[in-house]
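Listed below, chain by chain, are the residues.
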Amino acid sequence: MNTEIPLSEAKPGQTLRINRLELDGTMRRRLLDLGFIPGADVHILRKSPLGDPVALRVSNTTIALRVEESSRIFGEVLGE
Amino acid sequence: MKYPSKEMPYRIALAGNPNTGKSTLFNTLTGLRQHTGNWPGKTVLCAEGEYRFQEKNYTVVDLPGTYSLYSNSADEEVARDYILFEQPDVTIVVLDATSLERNLNLALQVLEMSDRVVICLNMIDEAIRKGIRIHDQKLSSKLGVPVVKTSARDGKGINELKKIVTRVAEGRIQTRPYRIRYSEKIEEKIQSIQSQIENIFGDQLPSRWIALRLLDGERSMLNALKKRIPKEGAPDGANLKSPYPVEA
Ligand SMILES: Nc1nc2c(ncn2[C@@H]2O[C@H](COP(=O)(O)OP(=O)(O)O)[C@@H](O)[C@H]2O)c(=O)[nH]1
Ligand SMILES: [Mg+2]
């Protein structure tokens, strides 16, 4: 079953393949530049105790995202 | 020395993501002939230096390391404005050969705004160590610009890079930089904005690239252009307004 979830709900250890970004303007541009593009795989490394920020790996680089952004990136968990 | 001060040096810019070895390459190229300076009105430091190669002088600017030229951070604006308005004779895009997917984003952006580009695949030693093989000739023909493999830390490939840079600077290598073609709808809008830009700036600026930035709603681009509208005989700045919504 392929179900779309926001990146903010993926668990550490999971890999999400990005479908779309529900963001506009500078933040959208910024995320695209960092490698959050449709089709890209994002591996969740760990979450802070409160879940914000989340550390992840995309396009060979480790990046921390706040829920503000990660909740607007949608994709499917791979290998499920 | 014969005529070192008479001839204008070629101006070379180094662009690249952070940590691609840009500064290492800069140091290798320029040795001790360098200094850092602030660009007018900006707090971003850029190192400038010089080198001499085959009887010609070159000045090199180490632009701030950025992932993009679009996102409006001070660093990105400095790098963008330099390439756009100072129009270096050659822009070397330094890529981390072990992380091409990420690095090519910036390379494609530079290719869209400039014709005279050389791609430097740095950290090639590290790539080899990791078993990464790069078909540099293929990459070069796809991107339409020369590609040179280097290992700046141990000075490998630097002479070849200098040779290629010289040939691009002198126009002895004709580049055909890869330019993304967008949907029909976007291409139409590009055209209409592009012609307005050309009315104001002639062929001094890469009008297609600017049209794309304006379509993208990039305010800082609009401001940077307004400051540079030619004083005499030019239409007034209002013409420069994008007919499309600019993000708030
Ligand atoms: N293995 C390897 N390391 C390099 C090479 N060039 C630079 N480095 C190293 O990469 C790191 C970042 O280099 P730096 O020049 O500061 O990168 P910049 O952020 O792009 O200016 C430093 O530790 C350099 O010694 C190279 O060709 N091969
Ligand atoms: Mg540096």
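Computed from a predicted model, the values in this text were never measured in an experiment. (Residues numbered from 1 in each chain as written. Chains lettered and ligands numbered in written order. Predicted model: local features only at pLDDT ≥ 70, side-chain atom pairs only at ≥ 80, totals over all residues. Heavy atoms only, no water.)

### Focus on the side chain of Thr61(A)
Condition: Only DSSP runs of H or I with at least four residues qualify as helices, and only runs of E with at least two residues qualify as strands; both kinds are numbered from the N terminus onward. Any pair of N or O atoms that falls within 3.5 Å is considered a polar contact. Within protein, one atom must be able to donate a hydrogen and the other to accept it, and sequence-neighbouring residues count only if both atoms are side-chain atoms. Contact definition: two residues touch when any of their heavy atoms are within 4.5 Å.
By the element assignment, Thr61(A) lies in strand 5 (residues 61-65). In this structure the side chain of Thr61(A) is engaged in a polar contact, spanning 2.6 Å, whose partner is the side chain of Arg102(B). Beyond its immediate sequence surroundings of up to four residues, Thr61(A) is in contact with Leu56(A), Tyr67(B) and Arg102(B).

### Structural notes on the side chain of Thr98(B)
Position of Thr98(B) relative to the elements: it lies in the loop between strand 5 (90-96) and helix 3 (100-113). A polar atom in the side chain of Thr98(B) sits 2.7 Å from the side chain of Asp96(B). In this structure Thr98(B) touches Asn60(A), Met123(B), Glu126(B), Ala127(B), Lys130(B) and Ile132(B), once residues within four positions along its chain are discounted.

### Brief notes about the domain arrangement of chain B
The figure often quoted for interface size is the accessible area lost as the parts come together. Residues and elements named next belong to chain B. This is how it is decided: Domain borders in the structure are assigned automatically or taken from a domain database. Buried area adds together the accessible area that both of two parts lose upon being put together, with accessible area traced by a 1.4 Å probe. When a carboxyl oxygen of Asp or Glu is within 4 Å of a side-chain nitrogen of Lys or Arg, the pair counts as a salt bridge. Three categories are distinguished: nonpolar for Ala, Val, Leu, Ile, Met, Phe, Trp, Tyr, Cys and Pro, charged for Asp, Glu, Lys and Arg, and polar for the others, with Gly belonging to the last.
In terms of domain boundaries, chain B breaks down into domain 1 (10-169) and domain 2 (184-239). Tallying the contact residues gives twelve residues for domain 1 and 13 residues for domain 2. A buried area of about 1,100 Å², summed over both sides, lies between domain 1 and domain 2, and 59% of it is on carbon and sulfur atoms. Contact with domain 2 buries area across many residues of domain 1, yet Tyr70, Arg80 and Phe85 alone supply 48% of it, more than any other trio. Scanning the region where domain 1 abuts domain 2 turns up one salt bridge. Salt-bridge contacts for Arg80 lead to Glu218; the nearest nitrogen and oxygen are separated by 2.9 Å. For the interface between domain 1 and domain 2, the tally reads four residue pairs in polar contact (both at pLDDT 80 or more). The set of elements that each furnish at least two residues to the side of domain 1 that touches domain 2 consists of helix 2 (74-86) and helix 3. At five residues, helix 2 tops the list of elements feeding residues into the side of domain 1 that touches domain 2. Here the residues of the side of domain 1 that touches domain 2 are counted per class, giving five nonpolar, three polar and four charged.

### Considering the interface of chain A and chain B
Chain A puts eleven residues into the contact, and the matching count from chain B is 16 residues. When chain A packs against chain B, the two sides together hide about 1,100 Å² of surface, and 35% of this comes from carbon and sulfur. Contact with chain B buries area across many residues of chain A, yet Arg29(A), Arg30(A) and Asp33(A) alone supply 47% of it, more than any other trio. Linking Arg30(A) and Glu76(B) is a salt bridge whose minimum nitrogen-to-oxygen distance equals 3.3 Å. Looking at the side of chain A that touches chain B, the elements with two or more residues in it are helix 1 (25-34) and strand 5 of chain A. In terms of residues, the side of chain A that touches chain B owes the most to one element, helix 1 of chain A, which gives six residues. Of the residues in the side of chain A that touches chain B, the class split is three nonpolar, five polar and three charged.

### Some remarks on the site of ligand 1
Residues and elements named next belong to chain B. Where we set the bar: Nearness of a residue to a molecule or strand requires only that one of the residue's heavy atoms be within 4 Å of it. Areas reported here follow the Shrake-Rupley algorithm with a probe of radius 1.4 Å; residue values treat only the protein chains shown as occluding.
Residues in contact with ligand 1 amount to 15 residues; listed here are only the nearest, Asn19, Lys22, Ser23, Thr24 and Asp125. A distance of 2.8 Å is found between an oxygen atom of ligand 1 and a backbone nitrogen or oxygen belonging to Asn19. Contacts to ligand 1 include Asp125, whose side-chain N or O atom sits 2.8 Å from a nitrogen atom. When ligand 1 is considered free in solution it has 580 Å² of accessible area, and contact with the protein chains removes 74% of it.

### Quick look at the pairing of strand 4 (residues 56-62) of chain B
Residue and element names in this part refer to chain B. Let me state the cut-off plainly: Throughout this description, buried means an accessible area under 20% of the type-specific maximum (1.4 Å probe, protein chains only), exposed means over 50%, and partly exposed covers the range between. Each pair of strands is called paired provided DSSP finds at least two bridges between the two strands.
With five of its seven residues buried, strand 4 lies for the most part within the structure. With five bridges joining them, strand 1 (residues 10-16) and strand 4 adopt parallel strand pairing. Residue pairing across strands places Tyr10 opposite Tyr58, the latter belonging to strand 4.

### Some details on the nonpolar core
Residue and element names in this part refer to chain B. Note the threshold: To form a nonpolar core, buried Ala, Val, Leu, Ile, Met, Phe, Trp, Tyr and Cys residues must be joined to one another through side-chain atoms within 4.5 Å.
Formed by 48 residues in total, the largest nonpolar core has its most connected members in Leu63, Leu69, Val93, Ile119, Leu121, Ile210 and Met221. Two domains each put at least three residues into this core: domain 1 (10-169) and domain 2 (184-239). Among the nonpolar cores identified, the runner-up in size contains 25 residues, and Ile12, Phe53, Val94 and Cys120 belong to it.

### A closer look at the packing of helix 1 of chain A against helix 3 of chain B
Cut-off, in case you're wondering: Comment: axis = line fitted to C-alpha atoms, over the contacting stretch for helices; angle = value between 0 and 180 degrees taken between N-to-C directions. Throughout this description, any angle smaller than 35 degrees is read as roughly parallel, any larger than 145 degrees as roughly antiparallel, any in the 65 to 115 degree range as roughly perpendicular, and the remainder as oblique.
One way to put it is that helix 1 of chain A packs onto helix 3 of chain B with a least axis distance of 8 Å and a crossing angle of 120°. By the criterion of interaxial angle, the relationship of helix 1 of chain A to helix 3 of chain B is oblique. Across the interface between the two elements, Arg29(A), Asp33(A) and Leu34(A) from helix 1 of chain A touch Arg102(B), Asn105(B) and Gln109(B) from helix 3 of chain B. Residue composition of the contact of helix 1 of chain A with helix 3 of chain B, grouped by class: one nonpolar, two polar and three charged.

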